[in-house]
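# Residue-level structure breakdown
Okay, here's what each chain looks like letter by letter:
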Amino acid sequence: MAAVAAVDSGFPRSPRGAVKIARALVAFVTFLCFAASRAPGAYAALAGMEVVITALFFLLYLLKLDKKMSWLFWPLADIFNSVIAALFLLVVCLCAVIIKSNNGTLAGGVFGLLLLVLSVVDAVLLFQKISLGGPRGRNTAK
């Protein structure tokens, strides 16, 4: 018999799950804007990596793999990802908005700045959820 993966059905409806979904969607729209406008490769690469990494973290929490792979404190890794992504997005998207070689690059920069805000919100939600000195809690809000 094949083992059935445990799914946290409440995670997509939680605030953290909703922010992860919004981050992935906005990152995908940002990627499409940069790719369609033939912007420099770094713009599209950053947005594409953000789509993939956010989707992987979403799947990690959705399938409860963070419980099975307890050798890493995943919420802290997720916070680091959110903060570093926000810093890169700040630099790249401000450059895209300031330079605005065409309308697609400008739109990608604006969506990227929205993605920056979502990354900061995600980091704040994660930081509020973790307790470094106490026991590790559940991923979904109750």
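You'll find the structure just up there.
Below you will find a few notes about this structure. (Residues numbered from 1 in each chain as written. Predicted model: local features only at pLDDT ≥ 70, side-chain atom pairs only at ≥ 80, totals over all residues. Heavy atoms only, no water.)

## Concerning helix α2 (residues 41-62)
Taking 1.5 Å per residue as the helical rise, α2 with its 22 residues ought to reach 32 Å, and the 31 Å between its terminal C-alpha atoms agrees with that figure. Where α2 ends, the next residue or the one after it, K64, has phi of about 60°, a positive value. (Helix = DSSP H or I, 4+ residues; strand = E, 2+ residues; numbered from the N terminus. Expected span 1.5 Å × (residues − 1).)

## Structural notes on the environment of V117
For V117, the position within the fold is in helix α5 (residues 103-129). Put simply, V117 and A86 are 31 residues apart on the chain and 7.7 Å apart in space, counted from C-alpha to C-alpha.

## Structural notes on the packing of aromatic side chains
Scanning all chains against the criterion turns up four aromatic pairs. Relative to Y43, the ring of F34 has its centre 5.1 Å away and its plane inclined at 45°; by these criteria the two rings are tilted. There is no split in this pair, since F34 and Y43 are both buried. Through a chain of ring-to-ring contacts, the aromatic side chains of F11, F57, F58 and Y61 assemble into a single cluster. (Phe/Tyr/Trp six-rings, centres within 6.5 Å; stacked < 30°, edge-to-face > 60°. Buried < 20%, exposed > 50% of the residue type's maximum accessible area, 1.4 Å probe, protein only.)

Note that every value here comes from positions in space, so none of it alone points to a role or purpose.
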